[in-house]
Amino acid sequence: MAKPAVPEKSATPHAALQIRPPVSELIGFEVSEASEGHVVVVLQAGTRHFNPMGTVHGGILCDIADAAMGIAFATTLSPGESFTTVELKINFLRPVRNAQLRAAGRVIQRGRTIGYVECEITDENGKLVAKSNSTCLVLRGDRAAGR
């Protein structure tokens, strides 16, 4: 696999890596790996994550994919930069019930303004559960203030 295309950046980690996102406490996921352009989020999925059909709700899968991709993209930001997700797509490939889920997000392309990120969600047996991708917009100056 090709190494993510990312710009030069400061050695100072981005603020997004220094705090646990509040949504992670709500849903119950944790960041288990993080390096520049790559993040793994893990979740022990169970009944509290179920939809009415008795499987993990698609929104939960989307949340962990979004978190993995967003945090992976945040690792590429320079001081004074922030970002926002402008598009997110997910394909659900198999139902999940009680499982240890692993969402691996990686930056595929990082330009000055736009980035493209992908994520694969697998279960504890390495079976592919879902695939996702997103497009991120880099914010600078006044647009990044307070983010």
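Above: the structure in question.
Residues numbered from 1 in each chain as written. Predicted model: local features only at pLDDT ≥ 70, side-chain atom pairs only at ≥ 80, totals over all residues. Heavy atoms only, no water.

S.K.: Honestly, the nonpolar core in this entry has me stumped. Any pointers?
M.R.: Note on soluble globular proteins: their nonpolar side chains tend to be buried together. Counting residues in each nonpolar core, the largest one holds 33 residues, and the members touching the most others are Val41, Leu43, Ile64, Phe73, Leu101 and Ile121. Listing elements by their share of this core, those giving two or more residues are β2 (38-45), α2 (58-74), β3 (82-92), β4 (99-110), β5 (114-122) and β6 (128-139). Non-local contacts of Phe73, meaning those with residues more than four positions away in its chain, are made with Phe83, Val107, Arg110, Gly115, Val117, Cys136 and Val138. (Core = buried A, V, L, I, M, F, W, Y, C linked by side-chain atoms within 4.5 Å. Buried < 20%, exposed > 50% of the residue type's maximum accessible area, 1.4 Å probe, protein only. Helix = DSSP H or I, 4+ residues; strand = E, 2+ residues; numbered from the N terminus. Contact = heavy atoms within 4.5 Å.)

S.K.: I would appreciate a short explanation of the environment of Thr135 in the present structure.
M.R.: Turning to its location among the elements, Thr135 is positioned in strand β6. Along the sequence, Thr135 and Gly115 sit 20 residues apart, while their C-alpha atoms lie 5.7 Å from each other. Residues in contact with Thr135, not counting those within four places in the same chain, are Thr84, Thr85, Val86, Glu87, Ile114, Gly115 and Tyr116.

S.K.: I'm lost on the state of the cysteines in this one. Help?
M.R.: Note on terminology: disulfide describes a covalent bond linking the sulfur atoms of two cysteines. The full count for this structure, using the stated rule, is zero disulfides. With no disulfide of its own, Cys62 lies closest to Cys119 among cysteine sulfurs, the gap being 9.7 Å. (Disulfide = S-S within 2.5 Å.)

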